[in-house]
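# Observations on chain architecture
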Amino acid sequence: MKTILVAGGAGYIGSHMVALLAEKGYDVVVVDNLATGHRQAVKGAQLRVGDLRDADFLEQVFTEFSVDGVINFAAFSLVGESVADPLKYYDNNIAGAVGILTAMKNHGVNKIVFSSTAATYGEPEKQPIEESDRTDPINPYGASKLAIEGLLRWCEGAYGIHYAALRYFNAAGADPTVGIGEDHHPETHLIPIVLQCALGKRDHVGIFGDDYPTPDGTCLRDYIHVRDLAEAHLLALEYLDKGGQSGPFNLGCGDGYSVKELIDTARAVTGKPIPAVVEPRRAGDPPALIASSQKAQEVLGWKPRRDLRQIVADAWDWHSSHPEGYGD
Ligand code: UFG
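Residues numbered from 1 in each chain as written. Predicted model: local features only at pLDDT ≥ 70, side-chain atom pairs only at ≥ 80, totals over all residues. Heavy atoms only, no water.

## Some remarks on the packing of aromatic side chains
Tallying each qualifying case throughout the model produces 4 aromatic pairs. Measuring from centroid to centroid gives 6.5 Å for Y121 and F169, while their planes differ by 35°, and the two rings are tilted. Of this pair, Y121 sits in the loop between β5 (111–117) and α5 (140–159) while F169 sits in the loop between β6 (162–168) and β7 (170–172), placing them 48 residues apart in sequence. Just as Y121 is buried, F169 falls in that class too. Judged by centre distance (5.9 Å) and plane angle (85°), the ring pair of Y239 and F249 falls under edge-to-face. Pair noted here: Y239 is in helix α7 (residues 226–241) and F249 is in strand β11 (residues 247–251), with a separation of 10 residues, a long-range link. Considered together, Y239 and F249 belong to a single accessibility category, that of buried residues. In this structure, K88 is placed above the aromatic ring of F76, and the distance from its NZ or CZ to the ring centre is 4.7 Å. (Phe/Tyr/Trp six-rings, centres within 6.5 Å; stacked < 30°, edge-to-face > 60°. Helix = DSSP H or I, 4+ residues; strand = E, 2+ residues; numbered from the N terminus. Buried < 20%, exposed > 50% of the residue type's maximum accessible area, 1.4 Å probe, protein only. Lys NZ or Arg CZ within 6 Å of the ring centre and 35° of its normal.)

## Looking at the nonpolar core
I13, M17, L21, I71, L166 and L251 are the most contacted members of the largest nonpolar core, which has 36 residues in total. When contributions to this core are tallied by element, the ones reaching two or more residues are β1 (3–7), α1 (12–23), β2 (27–32), β6, α7, β11 and α9 (294–300). Counting residues per element, this core draws most heavily on α7, which supplies 9 residues. Not counting the four nearest positions on each side in its chain, L251 is found in contact with L166, R167, Y168, F169, I224, L229, A232, A291, S293, A296 and W302. (Core = buried A, V, L, I, M, F, W, Y, C linked by side-chain atoms within 4.5 Å. Contact = heavy atoms within 4.5 Å.)

## Considering the site of the ligand
As a matter of local geometry, the ligand sits amid 20 residues, with H189, G206, R221, R282 and D285 nearest to it. Residue T188 places a main-chain N or O atom 3.5 Å away from an oxygen atom belonging to the ligand. Measuring from an oxygen atom of the ligand, one finds a backbone N or O atom of F208 at 2.9 Å. In the complex, 91% of the free accessible area of the ligand, which totals 680 Å², lies under the protein chains. Breaking the shell around the ligand down by element, the ones donating at least two residues are α6 (190–198) and β8 (205–208). For the shell around the ligand, the leading source of residues is β8, giving 3 residues. (Near = heavy atom within 4 Å. Polar contact = N/O pair within 3.5 Å; in protein donor to acceptor, adjacent residues only side chain to side chain. Areas by Shrake-Rupley, 256 points an atom, 1.4 Å probe, with all protein chains shown as cover.)

## Remarks on α7
Between its first and last C-alpha atoms α7 spans 23 Å; for 16 residues at 1.5 Å apiece the expected length is 22 Å, and the two agree. Counting buried residues in α7 gives 13 out of 16 residues, a clear majority hidden from the surface. One or two steps after α7, the chain reaches G243, where phi turns positive at roughly 90°. (Expected span 1.5 Å × (residues − 1).)

Structure representation (structure tokens):
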């Protein structure tokens with residue numbers, strides 16, 4: 001494997017993947033329509049701007065580069081927006097996956113690592129969640145990702161395209177050594193919002209519900225450093241290259257932190273007060289989402305190495321040095 005195509009490589013997680021691949025000496029080509037990605041986030045790779053639903057565009061890219069493997073991050077990923085506009089999610093996420101798989105089939109590329117999500121589980125029956133647990137998404141975003149996992153299974157049977165579907169829990173943090181980080185418009189994720197409060201860009205963070213059946217009443221999430229995620233993708237690609245069996249893999253640390261604990265960690269890291277106000281629950285938030293990543297650890301040899309404090313410290317490094325994000 002020499003040349004890796006990263007779809008969605010200008011986005012938050014994709015750009016960290018690109019930086020890792022470049023650091024490891026791979027030739028990287030990014031395809032991204034820049035709908036939510038940032039040109040400046042692409043470090044050490046060639047960028048081709050276009051849409052995965054544009055067959056002519058992909059044909060050009062796959063003709064220009066001799067692609068050995070694909071990693072697909074390209075998707076819309078806002079849960080609330082997906083409920084309000086499911087067609088937007090099914091069109092972009094699923095038709096985009098169909099586009100890239102079609103190009104792979106036409107050009108004999110037989111390995112793909114796919115960016116899936118804990119949202120495929122919906123409201124889990126137990127914690128920590130294992131890959132064999134019931135998948136029953138409660139929003140179109142999770143449903144679109146689960147549909148693509150199904151498509152990947154069929155494509156393996158029909159065309160011999162092998163896949164790893166990586167179900168992330170809460171991706172967070174940044175890579176301070178490369179100068180990339182999280183920059184979403186609008187921002188809905190807890191850690192960037194909390195850090196925007198620390199920067200004085202917001203006057204408080206709303207805690208969405210403190211009456212959940214959890215130790216302090218606020219939701220528990222499994223935060224995973226974006227660099228640990230990127231490392232898992234590389235291991236997954238190498239695993240597929242060695243003939244490993246396709247399937248889903250959870251990626252999380254296995255520890256659940258509450259919204260209140262997260263805010264306290266951010267107060268400790270930043271030294272800022274970060275005012276917090278309890279607000280009503282946000283629709284569709286499960287009380288707890290905690291991964292068992294035993295399969296990824298045993299099968300891929302992956303281990304998350306960065307803890308919550310490191311996640312928040314690296315995110316703080318990014319947000320405090322780039323208060324306007326990429327400024328585009
Ligand atoms: N939260 C707040 N206040 C905020 C923002 C978030 O209290 O201003 C809470 C949420 O209610 C939730 C926790 O902080 O309990 C984390 O929320 P995020 O929005 O940061 O992340 P989610 O757990 O909702 O979503 C993440 C990914 C999704 C993915 C989902 C899988 O961002 O893409 O995990 O369940 F679908």
